[in-house]
Amino acid sequence: MRVLLIGPPGAGKGTQAARIAAHFDLARIATGDLLRQEVASGSELGRTAKAYMDRGDLVPDEVVIAMTRERVVKANAEGGYILDGYPRTLAQAEAAHRWAEARGVPLDLALLFEIGTDELLARLAGRAREEGRSDDAEETVRHRLEVFRSQTHPLVDYYRRRGILVRIDAVGPVDAITEQILALLHWYKFKALTAGADRPEWAIGQGDG
Ligand code: AP5
């Protein structure tokens, strides 16, 4: 199974990606975590990425695409993956799509985490107090939200047109959201097994608006 999570900062992508990946024994490819590891290691890639991340801007596409390519290849060979925070721009989505099409392994589903701004700000303010992540200061979070709207939100239409977008209500207890997603993915797997490679009708057009 190959699934992508899209959502604004603080929507719960990382929290849910870890649970989904563990449940289905899939690799979780989280570009934010990978970049933070590069920053912590002091690598050249990390030094390049740090300034962008601290400002709340996206790291350049070519850096992120190069960083993920081998991981996606490996995870695909091992049964699939959950992409958490990648692709995040149309250029990244096109690069991922070209790669997948060439190998006949397209994304199955893109899950859009829907949540209001007040809830996001509250969650990230909580994380700023508890963990002190460098990009969780309120001003930086507001900038990250703007970056999401301008650069990542266009992916909603991109994946809706591909017929694989499904909306997830990302507000409520963590366990309830996990249950919602697992039920969807189990249903999808069942449908895929029983209906060949056809896309489920309910996914098509679910992202309207
Ligand atoms: P990244 O680490 O991906 O940050 P993000 O997308 O802004 O996401 P967050 O980690 O803030 O939120 P999340 O949705 O994962 O929520 P989480 O589960 O953590 O990226 C960081 C930076 O790296 C980017 O700004 C960019 O610079 C760079 N980058 C990364 N990918 C890139 C790419 N593809 N291209 C270019 N640049 C890239 O939860 C948040 C908090 O809420 C936690 O405290 C959690 O415990 C809590 N929480 C979770 N679920 C719930 C719930 N249901 N109820 C209450 N609290 C909850």
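Above this text you will find the structure in question.
Conventions we followed
Residues numbered from 1 in each chain as written. Predicted model: local features only at pLDDT ≥ 70, side-chain atom pairs only at ≥ 80, totals over all residues. Heavy atoms only, no water. Helix = DSSP H or I, 4+ residues; strand = E, 2+ residues; numbered from the N terminus. Buried < 20%, exposed > 50% of the residue type's maximum accessible area, 1.4 Å probe, protein only. Near = heavy atom within 4 Å. Polar contact = N/O pair within 3.5 Å; in protein donor to acceptor, adjacent residues only side chain to side chain. Nonpolar A, V, L, I, M, F, W, Y, C, P; charged D, E, K, R; others polar. Axes fitted to C-alpha atoms, helices over the stretch in contact; angles between N-to-C directions. Parallel < 35°, antiparallel > 145°, perpendicular 65-115°, else oblique. Contact = heavy atoms within 4.5 Å. Phe/Tyr/Trp six-rings, centres within 6.5 Å; stacked < 30°, edge-to-face > 60°. Lys NZ or Arg CZ within 6 Å of the ring centre and 35° of its normal.

A. Representation of the environment of Arg-36 within the structure. Along the chain, Arg-36 falls in helix H2 (residues 31-41). The exposure class of Arg-36 is partly exposed, given its relative accessible area of 28%. Put simply, Arg-36 and Phe-113 are 77 residues apart on the chain and 22 Å apart in space, counted from C-alpha to C-alpha.

B. Structural detail: the site of the ligand. Close to the ligand lie 29 residues, the nearest being Thr-15, Thr-31, Asp-57, Arg-127 and Arg-144. The contact in question runs from an oxygen atom of the ligand to an N or O atom on the backbone of Asp-57, over 2.6 Å. The separation between a nitrogen atom of the ligand and a polar side-chain atom of Gln-92 is 2.9 Å. Counting residues per element, the ones that place at least two in the shell around the ligand are helix H1 (13-24), H2, helix H6 (117-131) and helix H9 (174-194). For the shell around the ligand, a count of residues per class yields 11 nonpolar, 9 polar and 9 charged.

C. Expanded view of the packing of helix H5 (residues 90-103) against helix H8 (residues 154-162). Between H5 and H8, whose axes approach to 9 Å, the crossing angle comes to 30°. It follows that H5 is roughly parallel to H8 by the angle criterion. Side by side, H5 and H8 meet where Leu-90, Ala-93, Glu-94 and His-97 of the first sit next to Pro-154, Leu-155, Tyr-158, Tyr-159 and Arg-162 of the second. Its residues placed into classes, the contact of H5 with H8 shows 6 nonpolar, 1 polar and 2 charged.

D. Focus on the packing of aromatic side chains. Applying the stated criterion to the full structure yields 1 aromatic pair. Between the aromatic rings of Tyr-158 and Tyr-159, the centroid separation amounts to 4.9 Å while the plane-to-plane angle is 90°, which identifies the pairing as edge-to-face. The buried category is assigned to Tyr-159, whose relative accessible area is 3%. Positioned above the aromatic ring of Tyr-52 is the side chain of Arg-55, whose terminal nitrogen or guanidinium carbon lies 5.2 Å from the ring centre.

E. Broad picture of the packing of H2 against helix H4 (residues 61-77). At a minimum axis distance of 11 Å, the contact between H2 and H4 shows a crossing angle of 105°. By the angle class used here, H2 and H4 are roughly perpendicular. Contacts between H2 and H4 pair Thr-31, Leu-34 and Leu-35 from the former with Val-64, Met-67, Thr-68 and Arg-71 from the latter. In the contact of H2 with H4, the residues fall into 4 nonpolar, 2 polar and 1 charged.

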